[in-house]
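# Descriptive structure summary
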Amino acid sequence: MTKANKIRITTNALNILSDFELNLDTANPETNKHAVKIIGYGEMSTVFIFKEKPLAGIAFKRMALFETEAEATYYEKLYLEYHEILSKIGIVTPDYGCHKVTSRQGKPVLYLSQKLLAPESICHKLIHTINIKEANTLLLKVLETMAKVVKYNAKNPGNEIGLDGQLSNWSFSLNKKDSLRYLDTSTPLMKKNGAEQLDANLFLRICPSMLVWVIKLFFLKDVVTRYYNFRLIIIDLIANLFKEKKQELIAPFLIIANTYLQKNYPQIKSITEKEIIAYYKEDALIWRIFLLFRKIERFFRTKILRRPYNLILPGKINR
Ligand SMILES: Nc1ncnc2c1ncn2[C@@H]1O[C@H](COP(=O)(O)OP(=O)(O)OP(=O)(O)O)[C@@H](O)[C@H]1O
Ligand SMILES: [Mg+2]
């Protein structure tokens, strides 16, 4: 079976990463003396590719959420452990690694590396180039693969792992049966003896400070628990078809998903189109408000208080 390998980079390559970080303007990340291109924006991170040879062919995800060395080291440990579990249960990821540098403010920053995949193979792009029948095949493959986590979790109560099943987190090529890869491994959600191991405070750090208490009170638990619930993971995947402007797949995907659930997990209630629409409306609204507050905060901190702002914010996202 295919298995991911660890990526090791040369000292020269690490020096480039380190120099990139020291010269990084988080408001204009692509204007750096090291030529980079942004290939993905997440809520917590930004994905870069470098033009320079020693770093070519690798995608780097910048995680700048850590206040202390201990936090970064602990996160790295979870990240590696998460990969080991995925690999053990048969979910293949691209080759991966973790590289630590220091920010201008002296804080640890992790660059998570991954073998660079063809952009057209990432499934939110792929669905725009294939027909409905092929898209259904892809969905079934993703469901079967996610079911490996469901089985693992059922066998390890209290020690479950979470997964974010959105299409943008998978890569696949239709003519290669075993090519499905899970790439969003930077949120290593994992429980031990019932306790979440990933520090939710890391997530709170990206939150606009004005909203932290609201999020703590209302959303955080929901946001985290949804990644442990197969039904909610599927709802999230299908609802995101709105964002991907592929609404015409919603009806066929619901048929595939509900048939799959009925056959393999009859205890899980069928998913309705109404739920998908309601979920999407709520999710989109939350993230839109969230990003707006982050931008207000960045403005306030950098322009008014003249303090550094070390996070890169996504551009306009069409949801
Ligand atoms: N190895 C890779 N090869 C090619 N493209 C990638 C790779 N890793 C990430 N990307 C691109 O960047 C996007 C975001 O990556 P990923 O899903 O890992 O992070 P994320 O969703 O931004 O995570 P988070 O929200 O947790 O920060 C992907 O959907 C994909 O388009
Ligand atoms: Mg993702």
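Conventions used here
- Residues numbered from 1 in each chain as written.
- Chains lettered and ligands numbered in written order.
- Predicted model: local features only at pLDDT ≥ 70, side-chain atom pairs only at ≥ 80, totals over all residues.
- Heavy atoms only, no water.
- Salt bridge = Lys/Arg side-chain N within 4 Å of Asp/Glu carboxyl O.
- Helix = DSSP H or I, 4+ residues; strand = E, 2+ residues; numbered from the N terminus.
- Buried < 20%, exposed > 50% of the residue type's maximum accessible area, 1.4 Å probe, protein only.
- Pairing = 2+ DSSP bridges.
- Donors = N, O, S within 2.8 Å, 3.2 Å for Na, K, Ca; no water.
- Near = heavy atom within 4 Å.
- Polar contact = N/O pair within 3.5 Å; in protein donor to acceptor, adjacent residues only side chain to side chain.
- Areas by Shrake-Rupley, 256 points an atom, 1.4 Å probe, with all protein chains shown as cover.
- Nonpolar A, V, L, I, M, F, W, Y, C, P; charged D, E, K, R; others polar.
- Domains from an automatic or database assignment.
- Axes fitted to C-alpha atoms, helices over the stretch in contact; angles between N-to-C directions.
- Parallel < 35°, antiparallel > 145°, perpendicular 65-115°, else oblique.
- Contact = heavy atoms within 4.5 Å.
- Phe/Tyr/Trp six-rings, centres within 6.5 Å; stacked < 30°, edge-to-face > 60°.
- Lys NZ or Arg CZ within 6 Å of the ring centre and 35° of its normal.
- Core = buried A, V, L, I, M, F, W, Y, C linked by side-chain atoms within 4.5 Å.

All right, on to the pattern of salt bridges then. This structure, assessed with the given rule, holds 9 salt bridges. Arg226 is the salt-bridge partner of Asp236, the closest N and O atoms lying 3.7 Å from each other. Of this pair, Asp236 sits in helix H7 (residues 230-239) while Arg226 sits in the loop between helix H6 (212-225) and H7; the two residues are 10 residues apart in sequence, bridging distant segments of the chain. For Asp236, a relative accessible area of 2% puts it in the buried group. You can call Arg226 buried: its relative accessible area is 13%.

Now for the pairing of strand E4 (residues 96-102). Taken across its 7 residues, E4 has 5 buried, putting it largely inside the fold. Examined bridge by bridge, E4 and strand E5 (residues 108-115) share 7 bridges and lie antiparallel to one another. Within E5, the position partnered with His99 by the bridge is Tyr111. The loop that links E4 with its antiparallel partner E5 comprises 5 residues; one of these, Gly106, has a positive phi angle of about 80 degrees.

We now examine the coordination of the magnesium ion (ligand 2). Distances from the magnesium ion (ligand 2) to its protein donors, namely Asn169 (OD1) and Asp184 (OD), fall within the range 2.1 to 2.5 Å. Taken together, the residues Asn169 in the loop between helix H4 (132-155) and strand E6 (170-171) and Asp184 in the loop between strand E7 (181-182) and strand E8 (191-192) connect sequence positions 15 residues apart. Assessed through its relative accessible area of 15%, Asp184 is described here as buried.

On to the site of ligand 1. Taken together, 22 residues sit near ligand 1, with Gly42, Ser45, Lys61, Ser168 and Asn169 positioned nearest. Ser168 places a main-chain nitrogen or oxygen 2.8 Å from an oxygen atom of ligand 1. For ligand 1, whose unbound accessible area comes to 620 Å², protein coverage reaches 89%. Sorting the residues of the shell around ligand 1 by element identifies strand E1 (36-41), strand E3 (58-63) and E5 as the ones contributing at least two each. The greatest single-element share of the shell around ligand 1, amounting to 3 residues, is contributed by E1. Residue classes in the shell around ligand 1 are distributed as 9 nonpolar, 9 polar and 4 charged. Here the shell around ligand 1 spans two domains, since at least three of its residues come from each of domain 1 (16-115) and domain 2 (119-304).

Bringing the packing of helix H2 (residues 69-89) against H4 into the picture now. One can describe the packing of H2 onto H4 by two numbers: an axis separation of 10 Å at closest approach and a directional angle of 105 degrees. By the angle between their directions, the pair H2 and H4 is classed as roughly perpendicular. In contact with Ile85, Lys88 and Ile89 of H2, H4 contributes Lys148, Val149 and Tyr152.

This model, assessed by the stated rule, comprises 11 aromatic pairs. Between Tyr260 and Tyr265, the ring centres sit 6.4 Å apart and the planes meet at 40 degrees, which makes this aromatic pair tilted. Here the aromatic cluster, defined as three or more aromatic residues joined through ring pairs, consists of Phe20, Phe48, Phe50, Phe60 and Tyr111. We note Lys191 situated over the ring of Tyr228; from NZ or CZ to the ring centre the distance is 4.2 Å.

Another point: the nonpolar core. Within the largest apolar cluster, 73 residues are counted, with the highest numbers of intra-cluster contacts made by Met146 and Ile238. With 9 residues, the top contributor of residues to this core is H4. Residues from two domains meet in this core; each of domain 1 (16-115) and domain 2 (119-304) gives at least three.

Pairing is antiparallel across the open sheet formed by 5 strands, whose spatial order is E1-E2-E3-E5-E4. The outermost strands of the open sheet, each flanked by one partner alone, are E1 and E4. In this sheet, neighbouring strand axes are inclined to one another by 30 degrees on average, regardless of whether the strands run parallel or antiparallel. As paired strands, E1 and strand E2 (residues 46-50) are joined by 5 bridges and run antiparallel to one another. Bridging from a neighbouring strand, Val36 pairs with Phe50 of E2. In the packing of helix H1 (residues 11-22) onto the sheet, contacts are made with E1, E2, E3, E4 and E5, and the angle to E4 comes to roughly 50 degrees. The strands touched by H2 within the sheet are E3, E4 and E5, with E4 carrying the most contacts at an inclination of about 175 degrees.

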